[in-house]
Structures are given as C-alpha cells and as structure tokens.
Amino acid sequence: MESLQIPHQPPMAMRQVPVDASQPASRVQPHHHRNRANHQQTASPIRQFKPSILTRLHAGYFRISLSLASQALLLKMLTQPAAAQVLLSALYALRCCFHFQLVRAEFFHHVGVNYLFAPWISWLVLLLSSPTAISEIKAPYLALWWAFAIPVVLLDVKIYGQWFTTEKRFLSMVANPTSLISVIGNLVGSRAASRVGWKESAVCLFSLGMAHYLVLFVTLYQRLSGGDRLPAMLRPVFFLFFAAPSMASLAWNSISGTFDTGSKMLFFLSLFLFASLACRPALFKKSMRKFNVAWWAYSFPLTFLALASAEYAQEVKGTMASVLMLVLSALSFLVFLGLMLLTVLNTHRILREDDPILRFDKDRSRN
C-alpha cells in the first residue's frame, strides 16, 4: 500500500509573500519595518505639534534663571535676575495652558520631573536676595515664602513617595544626579524660612532634604547611575553633587545662627566633591562639544559653593579661608559671565528640538 505523498511546504516563517509587480519596490516593506515606521509615527506626541517656543521650553531652562538668582544672592543684584525669572515663568505658564500634555509627560520623565523644582527654587533664591528691609516686613515675606515653598513640598510628597512605594519608580531604578534638585529645593526653603525666624519650618525642610540627600548620595555613589541613564550632553548636572551640601551648610548656618561644626563638615564635603569632579575633565568632554542650555548647570552649584566659602571665611577669619573665598567667588563669576556671553553668541542653540529632556515621550510609553 503506497503511502500518501503530501507535497512539502515550507514553514510559515519561510514562505515568500508574492510581490505585486505593479507596486514600486519602495512600498514593499517587511512587516517589522512597517511596524517600526508606524511606531515612529505615533510614539512621539511632540511631533503632533508645530514646533514653537512653548513646545521646546521645558522646565530645564530654569537653570538660567536659577544661575542668575544665585549670582544675585552672591552679588546682591536683583533687577535683571527677577526679570528673567518672570519671563521664563510666564512662558512656562503658557506652556501649561496650551500644551499641558507635554508638561504632564515631563512630569513622568525621570530627569524632567526634577527640573519642576527649579522655578520654585529660583523664586526662593530671589526671596533670599531681597534687601533685609523687605524681610523685616514679615507678612509679605511669609506670604511669598508659602507661595514658593508649598509647590516644593507637594512635589516632595509625590516624588519621594514614589521612591519607596512605586515599583517602576523605586529610587534604585530612577536615581540620577538631577534628583538632587529636589534636595536643593528643601534646603533653599529652609534657609528662607530661618531668615524670618521660622525655625520649626526651617528644621522641618532641612531634615526632609538631608534625609533624602543621604539616601541619594549613597545610591549615586555606589552605582553612579547618572553616567548610564543620562545623555552625554546632560553631564554638567554632575555639579549638583556638591551644590546640595553647599546649600545644606548655608541652611544649617541660618538655623544655628553660626557656621558651626555641622556647617563646616558639609562645606568640606562639597569642597571635596567639587575637587573630585574638577579632576575629571574627561567626564565632561562630550558635553562640551556643542553649546546647549545644560551648560548652565555649571553656574549655580559654583555660586552656592562660593556662598558657603564666604560664610566659612567670615567665621574662621584666616588667610587661607579668605583666599579660598576669593578664588571660588572669582571662578563662579567668570563661569557665569562666560555662560552669558556664550548664550548671547549661540541663541540659535538655546531652543532645540533634539534636547534630551524633550524625548520624555519614549520613557513615558515604556512606563
């Protein structure tokens, strides 16, 4: 009995799909290529909008006003930093009104969310830069402090809560150097509160910031996730490593009333971290090839360090302390002046569509 001969057919994966000769070859694409093309067309919500200043202006641009405000705190100049802060705040408010979905996506980005602290930090630093006579009128000063500090606390509750309750946003998974901006927000608020004698509020914000700074410092020191999770052009934010302890030393100085041992320890830690980064210029080599707004992250950490060195020199009254204060203050001012000139000469590079923080839609789709 002869066995039935079944014609051999190749598996489905190996079968060739007949090609319609009437169609051009460019329209015949593999299935996975078509899926990739469709994904590229639908994955990025940014491309649905006509590029404008509002679609490109994310919260990271408050680095500029934060640097201006910190220089105002160092040099007691207030008019121009306040004007820049008002302009940026007005533009970002319009972004919130007309492109709220972009702001919402920015909130869910592991880097972009940290810069939502920057506007409020800038306002608090400007509040610290105000003349002493204004701070003595407690009612307006406290009203402004509440207006700027409450958003910081609300962001704290949201972000810090996610770090230990949300599996996809555990600190070990999302930690990067920009996470230190949240700590700086608490410490600036603490210093501003202590200026008018609100020591309980100052201690509250200081303890909240320092507790999370210790956790962040250990996490980043052991794993240094920022080197893997951050694009090369955002590496200037590594300067935030010493910005946080610098502001912590200033905040504790305001709370205790003197630049005591605790403030000195924090200042020495920030000085060590600055020296460690300064000895590694290769880390910033790629980010320095083309000017971008991320370069402004070099300025305000140096200013905070210079402010801490000024308080230290005033307390110690030694020659070396005075020399250190002059060197750091001069370096801070030169970096700030250089960034101002580079920004003027490269205005076409300020609002760019290829900014890494504008790619938050990809991370949002993965979450």
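What counts, and at which threshold
- Residues numbered from 1 in each chain as written.
- Predicted model: local features only at pLDDT ≥ 70, side-chain atom pairs only at ≥ 80, totals over all residues.
- Heavy atoms only, no water.
- UniProt positions renumbered as here; feature names shortened; annotations may be inferred.
- Helix = DSSP H or I, 4+ residues; strand = E, 2+ residues; numbered from the N terminus.
- Salt bridge = Lys/Arg side-chain N within 4 Å of Asp/Glu carboxyl O.
- Buried < 20%, exposed > 50% of the residue type's maximum accessible area, 1.4 Å probe, protein only.
- Patch = residues over 30% accessible without salt bridge, like charges linked within 9 Å, V, L, I, M, F, W, Y side chains within 5 Å.
- Areas by Shrake-Rupley, 256 points an atom, 1.4 Å probe, with all protein chains shown as cover.
- 1 Å grid on protein atoms, 1.4 Å probe; cavity = no way out; pocket = protein on both sides within 12 Å on 5 of 7 lines; lining within 4 Å.
- Points joined across faces, edges and corners; volume = space filled by probe spheres on them.
- Phe/Tyr/Trp six-rings, centres within 6.5 Å; stacked < 30°, edge-to-face > 60°.
- Contact = heavy atoms within 4.5 Å.
- pLDDT = per-residue confidence, 0-100.
- Expected span 1.5 Å × (residues − 1).
- Arc of directions from axis to C-beta.

- Under an unreviewed UniProt entry, the name given to the protein chain is S-type anion channel SLAH1-like isoform X2, and the organism recorded is Punica granatum.
- Recorded under Subunit (unreviewed entry), the UniProt text for the protein chain is reproduced unchanged: "Homotrimer."

### Digging into the UniProt feature "transmembrane region" (unreviewed entry) in the protein chain
Piece 1. Per the UniProt record, "transmembrane region" (unreviewed entry) is found at residues 115-134, 140-157, 200-221, 233-253, 265-283, 295-313 and 319-342.
Piece 2. Secondary structure within residues 319-342 divides into 100% helix and 0% strand; the distance between the first and last C-alpha atoms comes to 34 Å.

### Quick word on the pattern of salt bridges
Piece 1. Summed over all chains, the structure comprises two salt bridges.
Piece 2. Measuring nitrogen to oxygen at the nearest pair gives 3.5 Å for the salt bridge that ties Arg-95 to Glu-106. Of this pair, Arg-95 sits in helix H4 (residues 79-98) while Glu-106 sits in helix H5 (residues 100-107); the two residues are 11 residues apart in sequence, bridging distant segments of the chain.
Piece 3. For Arg-95, a relative accessible area of 0% translates into the label buried.

### Some points on a nonpolar patch on the surface
Piece 1. On the surface, Phe-333, Leu-334, Leu-337 and Leu-341 cluster together to form a nonpolar patch covering roughly 380 Å² of accessible area.
Piece 2. Along the chain, the position of Phe-333 falls in helix H16 (residues 319-345).
Piece 3. Taking the relative accessible area as the measure of exposure, Phe-333 reaches 36% and is therefore partly exposed.

### Quick look at empty space enclosed by the protein
Piece 1. Evaluation of the coordinates by the stated rule reveals two cavities of 30 Å³ or more.
Piece 2. Approximately 120 Å³ is the volume found for the largest cavity.
Piece 3. In this structure, the largest cavity is lined by Phe-107, Phe-108, His-110, Val-113, Asn-114, Ile-159, Gln-162, Trp-163, Arg-169, Val-174, Asn-176 and Ser-179.
Piece 4. Counting residues per element, the lining of the largest cavity draws most heavily on helix H8 (residues 138-165), at three residues.

### Observations regarding the packing of aromatic side chains
Piece 1. In total, this model carries 23 aromatic pairs according to the counting rule given.
Piece 2. Taking 5.3 Å as the distance between ring centres and 35 degrees as the angle between the ring planes, the aromatic pair formed by Phe-206 and Trp-252 counts as tilted. Placement of the pair is Phe-206 in helix H11 (residues 199-223) and Trp-252 in helix H13 (residues 240-256), with a sequence separation of 46 residues.
Piece 3. Assessed through its relative accessible area of 12%, Phe-206 is described here as buried.
Piece 4. The exposure class of Trp-252 is partly exposed, given its relative accessible area of 27%.

### Brief notes about the environment of Ser-249
Piece 1. Its place among the elements puts Ser-249 in helix H13.
Piece 2. Overall, Ser-249 belongs to the buried group, its relative accessible area being 0%.
Piece 3. Considered as a pair, Ser-249 and Met-265 are 16 residues apart in the sequence and their alpha carbons are 7.9 Å apart.
Piece 4. If sequence neighbours within four positions are ignored, Ser-249 has contacts with Phe-259, Ser-263, Leu-266, Phe-267 and Ala-308.

### Topic: the confidence of the model for the protein chain
Piece 1. Per-residue confidence for the protein chain gives a mean pLDDT of 79, with 76% of residues at or over 70.
Piece 2. In this model, residues 10-46 is a region of pLDDT below 50 whose contacts with residues beyond four sequence positions or in other chains number 13 contacts.

### Description of helix H14 (residues 261-278)
Piece 1. If you check H14, its first and last C-alpha atoms are 25 Å apart, about what 18 residues at 1.5 Å a residue would give, namely 26 Å.
Piece 2. Buried residues of H14: Ser-263, Leu-266, Phe-267, Ser-270, Leu-273, Phe-274 and Leu-277, and no others. Axial view of H14: buried residues confined to an arc of 125 degrees, hence all on one face. Facing away from the buried surface of H14 by more than 90 degrees, the exposed residues are Thr-261 and Met-265.

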